Amino acid sequence: MERTLLVLFLICCLFSLVFAEGGAEISAGYQFSNATAAKNTAEDMGLDVTSTPELMLDIHGWAVYNKMLRLGGLVSGGYFDAKGEPSQSVIEGDESGVGFGDARFAFLPEIYFQFGPINTALGLAVGGGAIITFVNDDNGDNDGEISWYGFMRPQVTAAYLLGPIGIQLGMGFHWPLGGGENLFWFNNADDERIEHVFKPSEMAGFFVKGGIVFGDLKKKDN
């Protein structure tokens, strides 16, 4: 998996060198994953977990290949943290929590269309990611468990151009593929181990995002 991520990164760098026209996007948003294991672990600590949106950040660079196609790469991150004051009968501490980070790298081709100042695109990211768990308690052994996985991410975006800078909105679906089981766990006040097993597919979900774009979104007219 590590080699796959390195190859994807090198391909993205190659695109930016070969093609003169290109640009980049920086956007943030929410991914609506189930995160069932993390939520259940937090509730077992006595925390009130009412929702499980995952914060996400995208950094997306591309080269304009022709009048319909952009080729690019994606570096994306997700973050979920359910924290609060736990039940003292379950676990001692002023604050506790359960969460994870999700790092993703992908190749992202897009078919784009220009309608006046508005550029729309359909894309499919293909790459790999890593879910890194953490549990906020006095036990350091239950932090940093890593689950590697592959994924596909169909998405649609629309950007309104304001000269060399534009505003972009997007939505899509993050779809993890493969990856082994991992778990969230903690020891309660009776020193009993409480654990919940998860697979990366549990972190699948619909997302929405918004941000800014720089550079070229389409082929320049000669």
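Refer to the structure printed above.
Residues numbered from 1 in each chain as written. Predicted model: local features only at pLDDT ≥ 70, side-chain atom pairs only at ≥ 80, totals over all residues. Heavy atoms only, no water.

Asker: Provide a residue-level description of the sheet that holds strand β6 (residues 146-162), including the pertinent values.
Answerer: The antiparallel closed barrel is built from eight strands, whose spatial order is β1-β2-β3-β4-β5-β6-β7-β10. Strand-to-strand twist in this sheet, taken as the mean axis angle between neighbours without regard to direction, amounts to 25°. In this structure, strand β5 (residues 118-136) lies alongside β6, joined through 15 bridges in antiparallel fashion. Bridge pairing in β6 places isoleucine 118 opposite tyrosine 160. (Pairing = 2+ DSSP bridges. Helix = DSSP H or I, 4+ residues; strand = E, 2+ residues; numbered from the N terminus. Axes fitted to C-alpha atoms, helices over the stretch in contact; angles between N-to-C directions.)

Asker: Give me the packing of aromatic side chains: which residues, what numbers.
Answerer: If you walk through the whole model with that rule in mind, you get four aromatic pairs. Arranged with centres 5.9 Å apart and planes meeting at 15°, the rings of tyrosine 79 and phenylalanine 134 form a pair that is stacked. Separated by 55 residues along the polypeptide, tyrosine 79 in strand β3 (residues 69-84) and phenylalanine 134 in strand β5 bring together distant segments of the chain. (Phe/Tyr/Trp six-rings, centres within 6.5 Å; stacked < 30°, edge-to-face > 60°.)

Asker: How would you summarise the pairing of strand β1 (residues 22-33) if you had to cite specific residues and measurements?
Answerer: Every second residue of β1 is oriented toward a common face, the buried set being Gly23, Glu25, Ser27, Gly29, Gln31 and Ser33 and the non-buried set Gly22, Ala24, Ile26, Ala28, Tyr30 and Phe32. Looking at chain direction, β1 and strand β10 (residues 205-215) are connected through eleven bridges and run antiparallel. From the neighbouring strand, tyrosine 30 faces β10, where its bridge partner is valine 208. (Buried < 20%, exposed > 50% of the residue type's maximum accessible area, 1.4 Å probe, protein only.)

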